[in-house]
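# Survey of secondary and tertiary structure
If you want the building blocks of each chain, they are given just below.
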Amino acid sequence: MSGGLLVAGTTSDAGKSVVTAGICRWLVRQGVKVAPFKAQNMSLNSFVTREGAEIGRAQAMQAQACRIEPTALMNPVLLKPGGEQSSQVVLLGKPVGEMSARGYHGGRQQRLLNTVLESLAELRATYDAVICEGAGSPAEINLRRTDIVNMGIARGARLPVLVVGDIDRGGVFASFFGTVALLSPEDQELVAGFLVNKFRGDVSLLEPGLDMLHGLTGRRTYGVLPFRHGLGIDEEDGLRVSLRGTVRESNVSPPVGEDVLRVAVCAVPLLSNFTDVDALAAEPGVVVRFVDRPEELADADLVVVPGTRGTVRALEWLRERGLAEALMRRAAEGRPILGVCGGFQILGEHIEDEVESRQGHVEGLGLLPVRVRFAREKTLTRPVGEALGEAVEGYEIHHGVAEILGGAAFLDGCRVGQTWGTHWHGSLESDGFRRAFLREVAAAAGRRFTPAADTSFAALREEQLDRLGDLIEQHADTDALWRLIESGAPQGLPFIPPGAPA
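Residues numbered from 1 in each chain as written. Predicted model: local features only at pLDDT ≥ 70, side-chain atom pairs only at ≥ 80, totals over all residues. Heavy atoms only, no water.

### Points about the environment of G394
In this structure, G394 sits in the loop between β23 (390-393) and β24 (396-404). Along the backbone, G394 and D276 are 118 residues apart, and their C-alpha atoms lie at a distance of 10.0 Å. With near-sequence residues (within four places) excluded, G394 lies in contact with T381, R382, P383, W424, H425 and G426. (Helix = DSSP H or I, 4+ residues; strand = E, 2+ residues; numbered from the N terminus. Contact = heavy atoms within 4.5 Å.)

So, in structure tokens, the structure goes:
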């Protein structure tokens, strides 16, 4: 059996995804054959593997950190929220139905443990090391009985556990101690130690606290990672920024031409795959922001209506907020709009939905000659093609089937004037196509904007992953980390009372 490690966190958004990716990139640079794994992921950001399986975007990013192709084994259970109370359950890359939170945690989740453990065992039989990511906190005492993603998988596969804490939020020592102290003795045996994330300042000032934490818990700290901007790639559960903030801590470089290009992304409910606009944010001189008011579209050179897990709900939201009317005025004026997946469906004439919202016939915005019917089978493909004279590739994740009734061909969708629509996610990551599209947008918007000739989104993503690997290599005790991966949790770790409630 190969080595393994579970990266848990004191909270959601403690940095588990990026730490896991950083460990993966550090290992692969050492010549280790490594793979990522997350037993259960709740996310609206997903990806399609080459075999047509849907998994979380974070695991696809971590597979890239490992320099391997992602597969369904790396994320056997994906939950895609459809509202406050229910989610679509995707098992080994294929949707198997909708389920309430009560129904899932009431028994279905635990029945998936064997599937999860079998997927992990298959990866461990193939790779030298498998770096697993937990979810939320391992000390969710109300969910421990049915847990399959934190201590449930650690216990089932005998994985050592490294707990990550975000010190930038404050309270990291209490969070570390409390996480261990709320686990059962059997779970505590696997918690090897801690990793501090997002530290600002002089590490020597932190060291007395780390020594005291070691004295209190008998567990060491494996590293203190400094705060770094712009490393939040392919997050799982939310935008992580204000609606009016720049997307993904984007660092807007000066434009190549005379003007910047302003992109407004409608922050629709159940927004999915907002990673589609990352490639725009990577372009020098492109400013990307999320908006939720019609007046915020006024100065935008391009408006993106993004993907959503609730197309009809998002359409209602656009109408309620006055954004629908602003989009229709914009289209009439010949100002650029791009609809992606659910956003594309919203721009069409009407939607027949007996699957997602079950509202039947719903009138769309009528900006594109498209009629959409929701099918029970989900389309999961990795298409390739050509648009604007450039090669393009992407991926599709949708229940809606579009009937194109006119307009000019655009990927699998269409365009009318400066209103564009497609089901393809990720198309803007194709550099030549992105530049050609931005030139069209700039011309229509009357901006003297010139796309940079040398921006490579793939290269920028590799640079980010290398930065994550550098953080681990330079600021973690990598010798101790490798011993942990190879040999498991140290023996004789003390029990910290009170432990988990009976």
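The rest of the description comes next.
### Looking at the nonpolar core
L280 and L318 are the most contacted members of the largest nonpolar core, which has 63 residues in total. In terms of nonpolar packing, the next biggest core, distinct from the first, is built from 44 residues, L6, L123, V224 and I496 among them. (Core = buried A, V, L, I, M, F, W, Y, C linked by side-chain atoms within 4.5 Å. Buried < 20%, exposed > 50% of the residue type's maximum accessible area, 1.4 Å probe, protein only.)

### Considerations on unusual backbone geometry
With an omega of 10°, the peptide bond between P497 and P498 qualifies as cis. For P498, the position within the fold is in the segment after α15 (478-487). Even without being a glycine, N273 presents a positive backbone phi close to 50°. Within the secondary structure, N273 sits in the loop between β14 (271-272) and α9 (278-281).

### Re the packing of helix α2 (residues 57-65) against helix α14 (residues 457-475)
When two helices pack together, their arrangement is given by the angle between the helix axes and the distance between those axes. One way to put it is that α2 packs onto α14 with a least axis distance of 10 Å and a crossing angle of 80°. The angle between the axes of α2 and α14 places the two elements in the roughly perpendicular class. Contacts from R57, M61, Q64 and A65 in α2 reach R461, E462 and L465 in α14. Within the contact of α2 with α14, the residues separate by chemical class into three nonpolar, one polar and three charged. (Axes fitted to C-alpha atoms, helices over the stretch in contact; angles between N-to-C directions. Parallel < 35°, antiparallel > 145°, perpendicular 65-115°, else oblique. Nonpolar A, V, L, I, M, F, W, Y, C, P; charged D, E, K, R; others polar.)

### Describing the packing of aromatic side chains
What the rule picks out here adds up to seven aromatic pairs. An angle of 35° between the planes, with centres 4.6 Å apart, marks the rings of F176 and F194 as tilted. In this pair, F176 is assigned in helix α6 (residues 172-181) and F194 in strand β11 (residues 191-199), connecting sequence segments 18 residues apart. Grouping residues by exposure puts F176 and F194 together as buried. (Phe/Tyr/Trp six-rings, centres within 6.5 Å; stacked < 30°, edge-to-face > 60°.)

### Thoughts on helix α11 (residues 323-332)
Taken together, the buried positions of α11 are occupied by L323, A324, A326, L327 and R330. Here the buried residues of α11 occupy an arc of 160° about the axis, which is enough to place them on one side. Residues of α11 that are exposed and point more than 90 degrees away from the buried face comprise E325 and A332. Summarising the contacts, the buried residues of α11 are in contact with β16 (302-305), α10 (311-320) and β18 (337-340). In the stretch just after α11, G334 is the one whose phi turns positive, near 75°. (Arc of directions from axis to C-beta.)

### Looking at the sheet that holds strand β19 (residues 350-353)
Taken together, the four strands give an open sheet; going across it, the order is β20-β19-β21-β24, and neighbouring strands pair in mixed fashion. Each having just a single partner strand, β20 (360-363) and β24 make up the two edges of the open sheet. Between one strand and the next, the sheet's axes are offset by a mean angle of 35°, whatever the strand orientation. Alignment of strand β21 (residues 370-381) against β24, held across eight bridges, turns out to be antiparallel. Opposite F374, over in β24, you have G400 as the bridge partner. (Pairing = 2+ DSSP bridges.)

### Digging into α10
Of the positions making up α10, those classed as buried are T311, V312, A314, L315, W317 and L318. The first or second residue beyond α10 is G322, which carries a positive phi of 85°.

### Thoughts on the pairing of strand β26 (residues 413-416)
In terms of strand pairing, strand β25 (residues 408-410) meets β26 through three bridges, oriented antiparallel. Opposite F410, over in β26, you have G413 as the bridge partner. Between β25 and the antiparallel strand that follows it, β26, lie two residues; L411 among them carries a positive phi value of about 50°. Pairing of β26 with strand β27 (residues 419-422) involves three bridges; the strand directions are antiparallel. Following the sheet pairing, C414 is matched in β27 by G421.

### Concerning the packing of helix α1 (residues 16-29) against α2
Two numbers describe how α1 lies on α2: the axes approach to 8 Å, and their chain directions differ by 20°. Comparing their axes, α2 and α1 come out roughly parallel. As for how α1 packs across α2, the hand of that crossing is right-handed. Across the interface between the two elements, S17, T20, A21, C24, R25 and V28 of α1 pack against A58, M61, Q62, Q64 and A65 of α2. (Left-handed = near helix turned anticlockwise from the far one by under 90°.)

### What about the side chain of N45?
Looking at where N45 falls in the secondary structure, it is placed in the loop between β3 (40-42) and β4 (46-48). Within the structure, N45 has its side chain in polar contact with the backbone nitrogen of N273 (distance 2.7 Å). (Polar contact = N/O pair within 3.5 Å; in protein donor to acceptor, adjacent residues only side chain to side chain.)

### Side note on the sheet that holds strand β12 (residues 220-226)
The sheet built from six strands is open, its strands ordered β2-β9-β1-β10-β11-β12 with parallel pairing. Every interior strand has two partners, whereas the edge strands, β2 (34-37) and β12, have only one. Pairwise comparison of adjacent strand axes, ignoring direction, gives a mean angle of 20° for this sheet. With four bridges connecting them, strand β1 (residues 3-9) and strand β10 (residues 161-166) associate as parallel partners. Along β10, the bridge assignment pairs L6 with V161. Lying on the sheet, α6 is in contact with β10 and β11; it crosses β10 at an angle near 150°. Together, β1, β9 (129-133), β10, β11 and β12 form the strand contacts of α15, whose direction differs from that of β1 by roughly 110°.

### Concerning the confidence of the model for the chain
Mean pLDDT for the chain: 92, with 93% of residues reaching 70 or above. When the criterion is pLDDT under 50, residues 237-250 qualifies, and its contacts beyond four places in sequence or with other chains add up to 38 contacts. (pLDDT = per-residue confidence, 0-100.)

### Describing the pairing of strand β7 (residues 86-91)
Bridge count between strand β6 (residues 77-81) and β7: five bridges; the pairing is antiparallel. If you follow V77 over to β7, its bridge partner there is L91. Connecting β7 to the next strand, strand β8 (residues 94-100), in antiparallel fashion are two residues, including L92 with a positive phi near 50°.

### With respect to the pattern of salt bridges
Counted by the stated rule, this structure contains 31 salt bridges. A salt bridge links R29 to D470; the shortest N-O distance between them is 2.9 Å. One end of the pair, R29, is in helix α1; the other, D470, is in helix α14, with 441 residues separating them in the sequence. Taking the relative accessible area as the measure of exposure, R29 reaches 28% and is therefore partly exposed. A salt bridge links K198 to D166; the shortest N-O distance between them is 3.7 Å. Taken as a pair, K198 in strand β11 and D166 in strand β10 lie far apart in primary sequence, 32 residues in all. Take D166: its relative accessible area is 7%, and that puts it in the buried class. Sharing partners across several salt bridges, the network here consists of R25, R29, E462, D466, D470 and E473. (Salt bridge = Lys/Arg side-chain N within 4 Å of Asp/Glu carboxyl O.)

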